[in-house]
Amino acid sequence: MPKVSKESAAQVDDFGIAEDRHEDIDGYTVNFVSIREEMDLAPMLKGLPDDQCHCPHWGYVFKGRLTWQFGDHEEVYEAGDAFYTPPGHTPKADAGSEFVLFSPADELRATDEAIARNMEAMQNA
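Residues numbered from 1 in each chain as written. Predicted model: local features only at pLDDT ≥ 70, side-chain atom pairs only at ≥ 80, totals over all residues. Heavy atoms only, no water.

(A) Region of the structure containing the sheet that holds strand 5 (residues 57–63). Here we have six strands laid out as an open sheet, ordered 1-2-3-10-5-8, and antiparallel in their pairing. The sheet is open, and its two edges are formed by strand 1 (11–14) and strand 8 (82–85), each paired on a single side. For this sheet, the mean inter-axis angle between neighbouring strands, taken without regard to orientation, is 20 degrees. Inspection of the sheet shows strand 1 paired to strand 2 (residues 18–25) by four bridges, in the antiparallel sense. (Pairing = 2+ DSSP bridges. Helix = DSSP H or I, 4+ residues; strand = E, 2+ residues; numbered from the N terminus. Axes fitted to C-alpha atoms, helices over the stretch in contact; angles between N-to-C directions.)

(B) Structural view of the nonpolar core. I35, L66, W68, F83 and F99 are the most contacted members of the largest nonpolar core, which totals 13 residues. For this core, the secondary-structure elements that each account for two or more residues are strand 3 (28–35), strand 6 (65–69) and strand 10 (98–104). Discounting chain neighbours no more than four positions away, the residues touching F99 are N31, F32, V33, I35, Y60, V61, F62 and L66. Counting eight residues, the second largest nonpolar core, distinct from the first, contains L45, L48, L108 and A114. (Core = buried A, V, L, I, M, F, W, Y, C linked by side-chain atoms within 4.5 Å. Buried < 20%, exposed > 50% of the residue type's maximum accessible area, 1.4 Å probe, protein only. Contact = heavy atoms within 4.5 Å.)

(C) Here's a closer look at the sheet that holds strand 4 (residues 39–40). Within the open sheet, the four strands sit side by side as 4-9-6-7. Their pairing is antiparallel. Here the strands that pair on one side only, and so sit at the sheet edges, are strand 4 and strand 7 (74–78). As defined by bridge partners, strand 4 adjoins strand 9 (residues 90–93) across two bridges and the pair is classed as antiparallel. Looking across to strand 9, one finds that M39 is bridged to A93.

(D) Molecular detail of the pairing of strand 3. In terms of residue burial, strand 3 counts as a mostly covered element, since seven of its eight residues are buried. In this structure, the hairpin formed by strand 2 and strand 3 is closed by a connection of two residues, where D26 is found at a positive phi of approximately 45 degrees. Note: strand 3 against strand 10, seven bridges, orientation antiparallel. Bridge pairing in strand 10 places N31 opposite L101.

(E) Main features of a nonpolar patch on the surface. Taken together, the side chains of Y28, W58, Y84 and F102 present a nonpolar region at the surface, about 400 Å² in accessible area. By the secondary structure assignment, Y28 is in strand 3. Looking at Y28, the relative accessible area reads 40%, which means it is partly exposed. (Patch = residues over 30% accessible without salt bridge, like charges linked within 9 Å, V, L, I, M, F, W, Y side chains within 5 Å. Areas by Shrake-Rupley, 256 points an atom, 1.4 Å probe, with all protein chains shown as cover. Salt bridge = Lys/Arg side-chain N within 4 Å of Asp/Glu carboxyl O.)

Here it is in structure tokens:
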């Protein structure tokens, strides 16, 4: 059985305000995320349909609080919560939050590409 831990994840991306340790396993991406500063990913999702993430996620919050905004409501997950977030959302996270996400790798790739483009555009502005 394939497995991954925060310590063994093959990919480590340090964005300053957040660290993402991740690896793909059998078509799913497992992300171990640590948030250093409060963040709102909505600006990073521009260019995706409705400027939202369209990848479903399953996860667990170890520390802190996550807020997922949908067109007509928001959902808040706190330490100790396991969750499912359907497509069509924008996420926010409090500073100090730590969580793990499980997402279909192909669907997550489109979101990650949009985030990378928007981060680059913001850095070059």
